Each structure stands twice: as structure tokens, then as C-alpha cells.
Amino acid sequence: MASTTNHGYLPEDVMVDIVLRLPVKTLLQFKCVSKYWCTLIESPGFVKRHFNHKSNPERLLVRNYIPDTDEYAYALFHDETFCGFEEPDHLQIPITVGSLLGPVDGLFLVVGRSGNMALLNPSMRQFRPIPLLHPDVKPHLSPYDDLLGFGWDESGKDYKVISIQYFWNDELDIPHDPSIVSIYSLRSDSWRHFEDVDLANSGHCSYKSLCNTYLNGVYYWFTELNDQDVSILAFDMSLETFHEIKVPDCLKARGGDLALYGDSVALISCDLDRNDKCVDIWVLKEESCWIKCLNIGPFEDLKWPLGFWRDTELLLETGSSHLTVYTINTKKLRTLETRRRENGFFIYWVFFYKESLVSINGEGLKCLQWDPSSDSIKDLLRRSQ
């Protein structure tokens, strides 16, 4: 028999099922009503069930660059039809953010232009600055690039950031070897140097994808050497090890990018030098075992494929800077309305956002609560190190 509580006449399981359907903003207000509600809503089981509930659908979040102001704009589409969108001021993602990674369980890693980093839960308006990463390097070494990954360590129950920093030797005027690899742990709120750096120093150029490439405890980057030797660099968040994944030989002379397709990592390959550009989709089934599952196109006006929406549609940026959706089953292409300047050059990033009750507060109450009237968080992401 279902249990009841002194908070009403409904059985507790029925009451919980009703509450699971509420948005995060309402649930945060419920936490102030009583200790019972607060304990329930903060419990790990409730947080997970709410995140995965059918009443908390995944929504397409698009980020695009505005060259006139050197800032970024965001569009959050209302539903899977993409018929309307809003400029999501309520998410409070700072327009001064240089890079945005994720989301992982509804959390983003935000990176300022100066390299300052923070974790962000837009639903709860929690913003947690990450300690500055000050590598111990000699004066003649200057940073010139970095590579970041963000994910969940299931065995350690911890969110982690992996950083690969590349330096230039000013004295010899060549890249410095080795790079510096560091790991940030939310649980300890600290960075530590990582010793296994051989693969991170393989000489390959690694690229940031235009969508999230974290899956099941592993973060993936697309890499290439001399425009020919293409591979995937992967980092396991629990084992804290790098490994390299080979790609089919037929892809090594073509441009590509990574995306998620179903419960697999996918390599999106496209020969941009052709007038009739086709997109090949290769899916990683097991270690270095790729299967070509789709050939899409040809497209006359294609700048770059961006990623998949629910495995049934491919998001594309056209040469005229339109965001378009190609439906795989019907082979139809349609243009999505976003903020766009005519004849402007935009680069789009796509994210798949869900509301989340995952707290990044941790011990020490180091989170900042976003205050729209304050510039403290914007300043944090602007200031130089």
C-alpha cells in the first residue's frame, strides 16, 4: 500500500509523480516551503528522475557569433518542430563567454576570453568560478592554444575538466614540447597536473567540435597531422587516461568533425572542395571499428555540418550563414529562423539543453547566484589573468 504523508491526502508516490512534472524554477520555490520538500527535491534520486522525465524535454540551443559587437547571441527553440524560438535571457549565459562546453547533466563549462573558467547551471542560476590555472612554465614560453573537455566521472561521482595547454618557445620560435595537461575536480575544487601526456603531445592538431562530444564518461576530440593523418583523441574521465582511435583510410584526405549519433560517437565527413557536397556519417561501434551508416546530399550551399538532432535530423550551416535542418527520412531541407545579419559571417554552435536540478554548490558555498543587475560575473569572464 502506498504511503501517505502529513502534507496532504495524496499517497506519497502519486504526489512525487506530480512534482516531477514541474519546472526547476517552481521546484526551487517549493524547497522554501518545508524541510520535507527541500530534502525530497535535493535527493539524488529525485534529481535524476526529474532530469530524465518526459515532462523535461530536450531543447535545441543555438549559439552564434555577432561580428558587429564581437559578442554571441543565443536562441532556444520552443520544441522539436523548431517553429519558434526565444532569446533565452532566463538562462543567463553571459554574452562575453569565449567558449561553451556541454551540457553534461544540464551543466555547462563556460570559458572567458582571458581563460577564466566557471561551471554554470542555467536552470538554478548557479555559477561556480573555477580556480585559475597557473602552469609553472619558464619565462620564454608563451601560451598559444588550449584544448578543453568536460564530463562526469561515474566511479568517483565527480565532474571534471581536462585541460591541454600548448606553449610557444619564444627563444627557438617553435612549438614547445611537452604541453601541460591538467585535471580539475569539482569535488576537490582544485587542479592537478596529469602525467600521461604522450598522446596529447603527438604533434596532431586537435579541434573543438561545434557540438558536445562527451559520451558515457569519455570526451572526444578530432585530430589531424599534415592534413592527412586523421584520428580521434579520447580521454576517459574515470581512468584518467588518453587513447587514440584510428579512423578509416578513406576519410584521411577529407574534412570532418565529431558529433553524437544515438549512443555512439559519429564522424561527419564532407569534401568541401566539391560543388555537390555530400555528407558521410560514420559511427564508432567499438574500438576503431567504424561503420558507414548514412550518405546525405548532395548540397549546393553547404558551409559545414553541425550535429544531429535526435538522430533523425542533421543540422547544417549554409554558405549564406543560414541554419538549416535536413530530415533524414524525408530528405527535406528547411531553414530555421535565428538572429542573423544578412550576408553576415556567422559560426553556429548547437547544444541540446534540458533543465537540471544538479547542484554545483558543493562544500564552502562557492557558487555565485546570478544577479541580472550586477556585472560581477561578466567582469570575471572579461578580466585578464
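Look up: the structure comes first, before these words.
S.K.: What exactly am I supposed to notice about the nonpolar core here?
M.R.: Looking at soluble globular proteins, one finds that nonpolar side chains tend to be buried together. Ranked by size, the top nonpolar core spans 49 residues in total, and within it L60, V279, I296, F308 and L315 carry the most contacts. It is strand β26 (residues 348–353) that contributes the most residues to this core, six residues altogether. The next biggest cluster of nonpolar side chains, apart from the first, holds 46 residues, and it includes L101, F194, Y219 and L233.

S.K.: Please explain helix α4 (residues 44–52) as it appears in this structure.
M.R.: Residues three or four positions apart in an α-helix share a direction because the helix packs 3.6 residues into each turn. F46, V47, H50 and F51 are the residues of α4 that are buried. Down the axis of α4, the smallest arc covering the buried residues is 130 degrees, so these residues share one side. Exposed residues pointing more than 90 degrees away from the buried face of α4 are listed as P44 and K48. Tucked into the core, α4 has its buried residues touching α1 (12–19), α2 (24–30) and α3 (35–42).

S.K.: Just checking my understanding: could you explain unusual backbone geometry for this structure?
M.R.: Most peptide bonds take the trans configuration, and most residues that are not glycine carry a negative phi. Along the chain, G102 connects to P103 via a cis peptide bond; the corresponding omega equals 0 degrees. Structurally, P103 is set in strand β4 (residues 97–104). The phi dihedral of R310 is positive, around 50 degrees, even though this residue is not glycine. Mapped onto the elements of the fold, R310 is located in the loop between β22 (304–309) and β23 (313–317). Owing to a relative accessible area of 36%, R310 belongs among the partly exposed residues under this scheme. Backbone geometry places K331, a non-glycine residue, at a positive phi of 60 degrees. Residue placement: K331 occurs in the loop between β24 (323–327) and β25 (332–336).

S.K.: How should I be thinking about the environment of I162 in this particular structure?
M.R.: Here I162 lies in strand β9 (residues 158–169). Judged by its relative accessible area of 0%, I162 is buried. Through-space distance from the C-alpha of I162 to that of Y219 is 9.0 Å; in sequence the pair is 57 residues apart. Once residues lying within four places of it in the same chain are set aside, the contact partners of I162 are L147, L148, G149, V181, S182, I183, W221, F235, M237 and F242.

About the cut-offs
- Residues numbered from 1 in each chain as written.
- Predicted model: local features only at pLDDT ≥ 70, side-chain atom pairs only at ≥ 80, totals over all residues.
- Heavy atoms only, no water.
- Core = buried A, V, L, I, M, F, W, Y, C linked by side-chain atoms within 4.5 Å.
- Buried < 20%, exposed > 50% of the residue type's maximum accessible area, 1.4 Å probe, protein only.
- Helix = DSSP H or I, 4+ residues; strand = E, 2+ residues; numbered from the N terminus.
- Arc of directions from axis to C-beta.
- Contact = heavy atoms within 4.5 Å.

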